[in-house]
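Spelled out from the first residue to the last, the chains are:
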Amino acid sequence: MKHHIIVKFKEGTDVGSLVAPVRAIFEETLAIQGVHGVELKVSNSDRPNRFDLMIIIDMDREALAAYDVSGPHLRWKSEYGSLIDRKAIFDCDD
């Protein structure tokens, strides 16, 4: 399945400076059994009603529980949660 994390950061956040460290955190999820790939997409629009970043994790459905309690996921939430204005989580099959 594809696990999408779609994020709108708080106004004034330098999204460009966050991409590399966020990518590094999510690349650590590749060590979780059943996680097969990670992709980050940065919005090409700066309109106020657009989200800024989409993180896509390709994983087996059964890997979601391990991901939820993983170090990278918890670090993402603790280090970047205060910068997030809104987010959406969307899971789907390929």
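Structure's up top.
Residues numbered from 1 in each chain as written. Predicted model: local features only at pLDDT ≥ 70, side-chain atom pairs only at ≥ 80, totals over all residues. Heavy atoms only, no water.

Novice: Mind laying out the overall build of the chain, listing which residues take part and the relevant values?
Specialist: When helices and strands are tallied, the chain shows three helices and four strands. Written out in order from the N terminus, the α and β elements of the chain read β-α-β-β-α-α-β. Relative to the compact-globule value of 12 Å for 94 residues, the chain shows a C-alpha radius of gyration of 13 Å, a close match. Along the longest, intermediate and shortest principal axes, the C-alpha atoms of the chain span 35 × 25 × 20 Å. Each of the 94 residues in the chain was classed as buried or not, and the buried ones make up 35%. For the chain, the accessible surface area stands at approximately 5,600 Å², while carbon and sulfur atoms represent 50% of it. (Helix = DSSP H or I, 4+ residues; strand = E, 2+ residues; numbered from the N terminus. Rg over C-alpha atoms; globule rule 2.2 N^0.38 Å. Buried < 20%, exposed > 50% of the residue type's maximum accessible area, 1.4 Å probe, protein only. Areas by Shrake-Rupley, 256 points an atom, 1.4 Å probe, with all protein chains shown as cover.)

Novice: Account for the environment of Q33, with residues named and values stated.
Specialist: With respect to the secondary-structure elements, Q33 resides in the loop between helix 1 (15-27) and strand 2 (35-42). For Q33 and T13, which are 20 residues apart along the polypeptide, the C-alpha to C-alpha distance reads 33 Å.

Novice: Break down the sheet that holds strand 1 (residues 2-9) for me, citing the residues and quoting the values.
Specialist: Pairing is antiparallel across the open sheet formed by four strands, whose spatial order is 2-3-1-4. Looking along the sheet, the strands with just one partner apiece sit at the ends: strand 2 and strand 4 (84-92). With strand direction ignored, the average angle separating the axes of adjacent strands in the sheet is 15 degrees. Bridging between strand 1 and strand 4 involves eight bridges; their strand directions are antiparallel. The residue of strand 4 that forms the bridge with V7 is K87. In the packing of helix 1 onto the sheet, the strands contacted are strand 1, strand 2 and strand 3 (53-59), and the crossing angle to strand 2 comes to about 180 degrees. Across the sheet, helix 3 (residues 71-80) lies against strand 1, strand 3 and strand 4, angled at about 10 degrees from strand 1, the strand it touches most. (Pairing = 2+ DSSP bridges. Axes fitted to C-alpha atoms, helices over the stretch in contact; angles between N-to-C directions. Contact = heavy atoms within 4.5 Å.)

Novice: I'd like to hear about the pairing of strand 1, residue by residue, with values.
Specialist: Within strand 1, six of the eight residues are buried, leaving the element largely enclosed by the surrounding structure. In this sheet, strand 3 lies alongside strand 1 in antiparallel orientation, the contact comprising six bridges. Its bridge partner lying in strand 3, V7 is registered against L53.

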